[in-house]
Amino acid sequence: DLLVLYTDGVVEVFNGAQEQFGNERLEEVASRARRRSAGEVLREIVAATRAFSGPAITHDDSTLVVVKRERS
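**Focus: the overall build of the protein**
Here is step 1 of the chain: Across its full length, the protein holds three helices and two strands.
Here is step 2 of the chain: Along the protein, from the amino end to the carboxyl end, the secondary structure elements read β-α-α-α-β.
Here is step 3 of the chain: In terms of C-alpha radius of gyration, the protein reaches 12 Å, essentially the compact-globule figure of 11 Å for 72 residues.
Here is step 4 of the chain: Here the C-alpha coordinates of the protein stretch approximately 45 × 20 × 15 Å along the principal axes.
Here is step 5 of the chain: The proportion of buried residues among the 72 residues of the protein is 26%.
Here is step 6 of the chain: When the accessible surface of the protein is summed, it comes to about 5,200 Å², and 48% of that surface belongs to carbon and sulfur atoms.
Here is step 7 of the chain: One way to put it: in the protein the 10 positive side-chain charges average out to a point 10 Å from where the 12 negative ones average out.

See the structure below:
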């Protein structure tokens with residue numbers, strides 16, 4: 001099980017074409033990384049938002065928490 005908690009600053013990152021990162025991209029990144037540790041999922045999401053925005057400056061704060069429950 002994977003729980004991703006985030007503020008709007010995570011998904012409201014824009015690229016040079018003024019496209020928003022959005023919830024769908026966040027879901028895609030988290031889904032692709034879901035087999036990794038919580039820390040790795042978090043790093044993947046941060047890397048994806050930074051790659052998406054490129055050199056654009058973000059103006060909103062962002063908070064991201066990833067919790068993973070391992071099945072026994």
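Resuming the write-up.
**Focus on helix α2 (residues 22-32)**
Here is step 1 of the chain: Turning to α2, its buried residues are G22, L26, V29 and A30. All buried residues of α2 lie within an arc of 110° about the axis, which places them on one face of the element. Set apart from the buried face of α2 by more than 90 degrees, the exposed residues are E24, E27 and R32.
Here is step 2 of the chain: Elements in contact with the buried residues of α2: β1 (2-6), α1 (8-11) and α3 (38-53).

**A word on the side chain of T49**
Here is step 1 of the chain: Tracing the sequence through the fold places T49 in helix α3.
Here is step 2 of the chain: The exposure class assigned to T49 is buried, which follows from its relative accessible area of 12%.
Here is step 3 of the chain: Beyond its immediate sequence surroundings of up to four residues, T49 is in contact with V10, V13 and F21.

What counts as what
Residues numbered from 1 in each chain as written. Predicted model: local features only at pLDDT ≥ 70, side-chain atom pairs only at ≥ 80, totals over all residues. Heavy atoms only, no water. Helix = DSSP H or I, 4+ residues; strand = E, 2+ residues; numbered from the N terminus. Rg over C-alpha atoms; globule rule 2.2 N^0.38 Å. Buried < 20%, exposed > 50% of the residue type's maximum accessible area, 1.4 Å probe, protein only. Areas by Shrake-Rupley, 256 points an atom, 1.4 Å probe, with all protein chains shown as cover. Lys, Arg positive; Asp, Glu negative; His and termini not counted. Charge placed at Lys NZ, Arg CZ, Asp CG, Glu CD. Arc of directions from axis to C-beta. Contact = heavy atoms within 4.5 Å.

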